[in-house]
Amino acid sequence: MKLRLKSVIAIIIGSAIMGFGINAFNIPNNLAEGGITGISILLKLLFPVIDQGLVFFVLNIPLFILGWKVLGRTSFIYTIMGTVSLSLFLSLFEGLYPMPMEDRLLASLFAGVAVGIGLGIIFRYDGTTGGVDIIARLLQKYMGISMGRTLFFGDMLVIAASLVYLNLESAMYTLVAVFIAARVIDFFQDGAYAGKALTIISNHADDIAKQILELGRGVTLLAGIGAFSGEEKKVIYVVVSRNEVMRYKSIVQGIDPHAFVIVNDVHEVLGEGFTLDENKQPLRE
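Residues numbered from 1 in each chain as written. Predicted model: local features only at pLDDT ≥ 70, side-chain atom pairs only at ≥ 80, totals over all residues. Heavy atoms only, no water.

By the naming in an unreviewed UniProt entry, the protein chain goes by YitT family protein and is assigned to Brevibacillus composti. Quoted verbatim from the Subcellular location (unreviewed entry) field of the UniProt record, the comment on the protein chain reads "Cell membrane". (UniProt positions renumbered as here; feature names shortened; annotations may be inferred.)

Here's what the structure looks like:
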């Protein structure tokens, strides 16, 4: 078992952001949340004297057994760290910086972004905060279902149950917050740096590839055969940043106006040419 210091720090930071967001936006604006966190918030709203962080930790204890058997030792340790950290920050930030807002929609947006950033950072570095997070990680691992989507549908069940205490309007604003959080989580899971992949089919592939190389981007040439003509063709594959797409499309059109160009979204790019430098700018190949 080898714990990474970067993951430990990220889990603590993510837990702090989430704990702050819940205490600053959810509770003061009567917004619930999903999963075990949502249950602890409801109990806090029903019984203000209880310690939300302690309740959150106690409710997670039964799920630790599942995490131990399925996630493996390292992931389980990260889960314990995330759960304990979030419990501590929920207690630490309780009543410290409440931000009640007249605009409930604005409050739900801030609540969703805060929770999404916090959980996104935790998930990005292989941690969880227990509860539904464990189930979400299992579904992602074995079924390929995104964690944000699993959390969203799991949260809907808890929010529906929250109607016992909350009115319909509060529940609807909570759904907005949960949806925003799910989208932010998926953003962190897919990667902060996104780009575009260009697949170019042309009779002038060598000339296009040479021009792209001169501008500092790497190019891969794939072997292709036209199904109708049976003619062998070179297929260019290149990944560029979003703001470079028009430049490279113009290059292709300038060399071969009849070229066939496909542009696809790339949600995460790793490797030379897309590594971030100290100033958080993509390095060129």
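Undergrad: Talk me through the pattern of salt bridges; I want residue IDs and the actual numbers.
TA: Here the idea is simple: oppositely charged side chains can pair when their charged atoms come close. All chains considered together, the criterion is met by four salt bridges. The residue lysine 196 makes a salt bridge to aspartate 265 at a minimum N-O spacing of 2.5 Å. One end of the pair, lysine 196, is in strand E1 (residues 195-201); the other, aspartate 265, is in strand E4 (residues 260-266), with 69 residues separating them in the sequence. The class for aspartate 265 is partly exposed, based on a relative accessible area of 44%. (Salt bridge = Lys/Arg side-chain N within 4 Å of Asp/Glu carboxyl O. Helix = DSSP H or I, 4+ residues; strand = E, 2+ residues; numbered from the N terminus. Buried < 20%, exposed > 50% of the residue type's maximum accessible area, 1.4 Å probe, protein only.)

Undergrad: Just give me the short version of the pairing of strand E2 (residues 220-225), but keep the residues and values in it.
TA: Put simply, side chains in a regular strand alternate between the two faces of the sheet. In the sheet, E2 pairs with strand E3 (residues 232-241) via six bridges, with the strands oriented antiparallel. Paired with glycine 224 across the bridge in E3 is lysine 233. Hairpin connection, E2 to E3: the antiparallel pair is bridged by six residues, and glycine 230 has positive phi, about 75 degrees. (Pairing = 2+ DSSP bridges.)

Undergrad: Describe the sheet that holds E1, naming the residues involved and giving the relevant values.
TA: Pairing within the open sheet is antiparallel, and its four strands lie in the order E2-E3-E1-E4. The two strands at the open ends of the sheet, each matched to only one other strand, are E2 and E4. Recorded for the sheet is a direction-independent mean angle of 25 degrees between the axes of neighbouring strands. Relative to the sheet, helix H9 (residues 205-214) contacts E1, E2 and E3, its axis offset from that of E3 by approximately 20 degrees. (Axes fitted to C-alpha atoms, helices over the stretch in contact; angles between N-to-C directions. Contact = heavy atoms within 4.5 Å.)

Undergrad: Help me get a handle on the nonpolar core, residues and values and all.
TA: Generally speaking, a soluble globular protein has its nonpolar side chains buried in company with each other. Judged by nonpolar contacts, the single largest core of 25 residues is most densely connected at Met18, Ile22, Val115, Leu119, Phe123 and Leu151. The set of elements that each furnish at least two residues to this core consists of helix H1 (5-26), helix H2 (35-46), helix H4 (73-92), helix H5 (104-124), helix H6 (132-143) and helix H8 (168-190). Of all hydrophobic cores here, the second largest spans 14 residues; its members include Ala205, Ile208, Val245 and Ala259. (Core = buried A, V, L, I, M, F, W, Y, C linked by side-chain atoms within 4.5 Å.)

Undergrad: Describe the side chain of serine 85, listing the residues and the values that go with them.
TA: With respect to the helices and strands, the residue serine 85 is situated in helix H4. A polar contact is formed between the side chain of serine 85 and the backbone oxygen of methionine 81, at a distance of 2.7 Å. Setting aside its immediate chain neighbours within four residues, serine 85 contacts Ile12 and Ser15. (Polar contact = N/O pair within 3.5 Å; in protein donor to acceptor, adjacent residues only side chain to side chain.)

Undergrad: How would you sum up the packing of aromatic side chains? Please name residues and give values.
TA: Here the structure, examined in full by the defined rule, presents five aromatic pairs. Taking the centre distance of 5.7 Å and the plane angle of 85 degrees together, the rings of phenylalanine 20 and phenylalanine 93 count as edge-to-face. On the criterion of sequence distance, the pair formed by phenylalanine 20 in helix H1 and phenylalanine 93 in the loop between H4 and H5 is long-range, its members being 73 residues apart. Relative accessible area serves as the criterion here: at 26%, phenylalanine 20 is assigned to the partly exposed category. Both rings, one in phenylalanine 89 and one in phenylalanine 93, keep their centres 5.8 Å apart while their planes meet at 15 degrees; by these two values the pair is stacked. (Phe/Tyr/Trp six-rings, centres within 6.5 Å; stacked < 30°, edge-to-face > 60°.)

Undergrad: Explain the side chain of glutamine 52 to me, using residue names and the numbers behind them.
TA: Here glutamine 52 shows up in helix H3 (residues 52-70). Taking the relative accessible area as the measure of exposure, glutamine 52 reaches 0% and is therefore buried. Leaving out residues up to four positions away in the same chain, glutamine 52 has contacts with Ile22, Asn23, Ile27, Thr37, Ser40, Ile41, Lys44, Leu90 and Glu94.

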